[in-house]
Amino acid sequence: MLHKNYIAGEWIEGASAKDNINPSDVSDVVGTYAQADAAQTLAAIAAAKAALPGWSATTPQQRADILEAIGVELLARKDEIGRLLAREEGKPLANGVAETMRAAQIFKFFAQEALRVDGVAVPSVRPGVDITITREPVGVVGLICPWNFPIAIPAWKMAPALAYGNTVVFKPADLVPACAWALTDIAQRAGLPKGVLNLVMGRGSVVGQAMLNSRDVNAISFTGSVQTGGRVAQACAARGAKFQLEMGGKNPLVVLNDANLDAAVAGAVDGAFFQTGQRCTASSRLIVESKIHDAFVEKVVTAIKALKVDHALKDGTQVGPVVDESQLKQDEMYIDIGRKEGELAWGGERLNRDTKGHYLSPALIINTKNDMRINREEVFGPVASVIKVDSYDEALAVANDTDFGLSSGIYTTSLKAATDFRKKSQAGMVMVNLPTAGVDYHVPFGGRKGSSFGPREQGRYAAEFYTSVKTAYVLA
């Protein structure tokens, strides 16, 4: 079966098609998916533009009902879609189901947010003048999504876009079209008018570039690499479009001498290696005070040796495969860099399993300094490095010495240290005695420095990107 693009309320064949391959078993074709060209992308943009006046004029209740219906179906089909997600992306089945549930919760949350769009009436400094401040849809929004969260990230972009009355052109990552297609199918059956949501699957250099170049796309929400994010920013700035960027991370996890060691080890292993380390919030720099350093490293090595790396759908799998061969080679390149700069304590080898897939043993690199490449550049795989420090002050300085600023964490039993770190950490999200990865859906998500640009995603703060503020003056 060919899974087609969805443009102007119709399922349309692409200019070409591509097989979606299971990274746990490269002989398993998840499905065949259309690939849009620039002309089809422009048709989708035109459909979104044509649908905007009608959709933006719908009542909050109409939008809320549709978003609620999407959330309800996602919840009802969480096991089915979670399995599909695990097949195409490679994260263990339980994670796929949990991610689908999170997507459902996001839609249900924004169903209610559609009813909460408010304004402000303020007195003027001039007599006889009334002032109202209201929010309106920003317009046609392009959503460019990554492969590591194939349904949650599209949900946290799409749901607020629709809730606030925008129309959408949705480009999923080329590696993971299956969840995007399923989500679009659910959304269009929930009652969205034609043209409100358009799915264009295909390469970023073709589909994404057409979206960036079009003056009919009023805003772009992008999650992906720093390099591509820079191009998105330049293209949008050149034509005055609004843009929101979520990019990389090199997230520090500080472990102080007074920490609960077992809890710190569990948090480090979770944050660094679960979901194959393919999270922008992963704990890639483990910054450990000297007195606890050797015991921490020993326990982490013991823990990762025990992790079950296998097929995403197998019972008991804790770490699935790397998403594809290209990403696996990148991981291996950085492991080799880390081995030369520091010392490979364990892991970093390709693994053979019952099925041919992109399996890699989690790698821990020790004896590193913060100025090494392994600690400056994002790997985006099951690879973490350890940096030994002599004090809390040094740990904080090392944690903040990075071009990124998405997530950070600290393990300590000291209220003073925890409070100081929470205040002084140069990250958009700070975790105390928790893994750096793992966030709630109803609060802001985003970082600082090279990690993020523009208004935050998720929660009520999403309105800052997906709406435009209007101030109106009326002479009474």
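Residues numbered from 1 in each chain as written. Predicted model: local features only at pLDDT ≥ 70, side-chain atom pairs only at ≥ 80, totals over all residues. Heavy atoms only, no water.

1. Examining the sheet that holds strand E1 (residues 2-3)
Moving on, step 1. On the basis of which strands lie adjacent, the open sheet formed by three strands has the order E1-E5-E4 and mixed pairing. The open sheet has two edge strands, E1 and strand E4 (16-22), and neither has a second partner.
Moving on, step 2. Here seven bridges tie E4 to strand E5 (residues 25-35), and the two strands are oriented antiparallel to one another. Bridged to Ser-16 within E5 is Gln-35.
Moving on, step 3. Helix-sheet contacts for helix H3 (residues 78-89) involve E4 and E5, and the interaxial angle to E5 is about 105°. (Pairing = 2+ DSSP bridges. Helix = DSSP H or I, 4+ residues; strand = E, 2+ residues; numbered from the N terminus. Contact = heavy atoms within 4.5 Å. Axes fitted to C-alpha atoms, helices over the stretch in contact; angles between N-to-C directions.)

2. Quick look at the pairing of E5
Moving on, step 1. Bridge count between E1 and E5: two bridges; the pairing is parallel. Bridge pairing links Leu-2 to Thr-32 in E5.
Moving on, step 2. Hairpin connection, E4 to E5: the antiparallel pair is bridged by two residues.

3. Details of the pattern of salt bridges
Moving on, step 1. All chains considered together, the criterion is met by 27 salt bridges.
Moving on, step 2. One salt bridge in this structure joins Glu-464 and Arg-135, with 2.7 Å as the shortest N-O distance. Taken as a pair, Glu-464 in helix H15 (residues 463-466) and Arg-135 in strand E7 (residues 129-137) lie far apart in primary sequence, 329 residues in all.
Moving on, step 3. With relative accessibility at 28%, the residue Arg-135 sits in the partly exposed group.
Moving on, step 4. Between Lys-314 and Asp-354 there is a salt bridge, and its shortest N-O distance comes to 2.7 Å. Of this pair, Lys-314 sits in the loop between helix H10 (290-305) and helix H11 (325-341) while Asp-354 sits in the loop between strand E15 (343-346) and strand E16 (363-368), and the two are 40 residues apart along the sequence.
Moving on, step 5. Counted as one network, the salt bridges with shared partners bring together Glu-73, Arg-77, Glu-80, Asp-185 and Arg-189. (Salt bridge = Lys/Arg side-chain N within 4 Å of Asp/Glu carboxyl O. Buried < 20%, exposed > 50% of the residue type's maximum accessible area, 1.4 Å probe, protein only.)

4. Let's talk about the packing of helix H4 (residues 93-113) against helix H5 (residues 152-163)
How two helices sit against one another is set out by the angle between their axes and by the gap between those axes.
Moving on, step 1. Close contact between H4 and H5 brings their axes to 9 Å; oriented N to C, the two are set at 10°. Between H4 and H5, the interaxial angle falls into the category roughly parallel. In this structure, H4 uses Glu-99, Arg-102, Ala-103, Ile-106, Phe-107 and Phe-110 to contact H5, whose residues at the interface are Ala-152, Ala-155, Trp-156, Met-158, Ala-159, Pro-160 and Ala-163.
Moving on, step 2. Residues belonging to the contact of H4 with H5 are distributed by class as follows: eleven nonpolar, no polar and two charged. (Parallel < 35°, antiparallel > 145°, perpendicular 65-115°, else oblique. Nonpolar A, V, L, I, M, F, W, Y, C, P; charged D, E, K, R; others polar.)

5. Remarks on the sheet that holds strand E14 (residues 283-289)
Moving on, step 1. Taken together, the seven strands give an open sheet; going across it, the order is E15-E16-E17-E14-E13-E19-E20, and neighbouring strands pair in mixed fashion. The sheet is open, and its two borders are formed by E15 and strand E20 (429-432), each paired with just one other strand. Ignoring which end each strand starts from, the neighbouring axes of this sheet average 25° apart.
Moving on, step 2. Here E15 runs beside E16; their pairing, made up of three bridges, is antiparallel.

6. Some thoughts on empty space enclosed by the protein
Moving on, step 1. On inspection of all chains with the given rule, the structure shows three cavities of 30 Å³ or more.
Moving on, step 2. Looking at the largest cavity, its volume works out to about 100 Å³.
Moving on, step 3. Lining the largest cavity we find 15 residues, and of these Gly-277, Ala-282, Ser-284, Glu-378 and Phe-380 sit closest to its centre.
Moving on, step 4. Empty space within the second largest cavity amounts to approximately 70 Å³.
Moving on, step 5. Lining of the second largest cavity is provided by 16 residues; of these, Pro-252, Ala-399, Thr-402, Phe-404 and Gly-405 occupy positions nearest its centre.
Moving on, step 6. Secondary-structure elements contributing two or more residues to the lining of the second largest cavity are strand E13 (251-255), helix H13 (392-400), strand E18 (404-405) and strand E19 (407-411).
Moving on, step 7. Considering only residue class, the lining of the second largest cavity consists of five nonpolar, eight polar and three charged. (1 Å grid on protein atoms, 1.4 Å probe; cavity = no way out; pocket = protein on both sides within 12 Å on 5 of 7 lines; lining within 4 Å. Points joined across faces, edges and corners; volume = space filled by probe spheres on them.)

7. Comments concerning the packing of aromatic side chains
Moving on, step 1. Across all of its chains, the model carries nine aromatic pairs by this definition.
Moving on, step 2. Each ring, one from Tyr-6 and one from Trp-11, has its centre 4.7 Å from the other, and the planes form 50°; the classification is tilted.
Moving on, step 3. You can call Tyr-6 buried: its relative accessible area is 5%.
Moving on, step 4. Note on Trp-11: relative accessible area 28%, which makes it partly exposed. (Phe/Tyr/Trp six-rings, centres within 6.5 Å; stacked < 30°, edge-to-face > 60°.)

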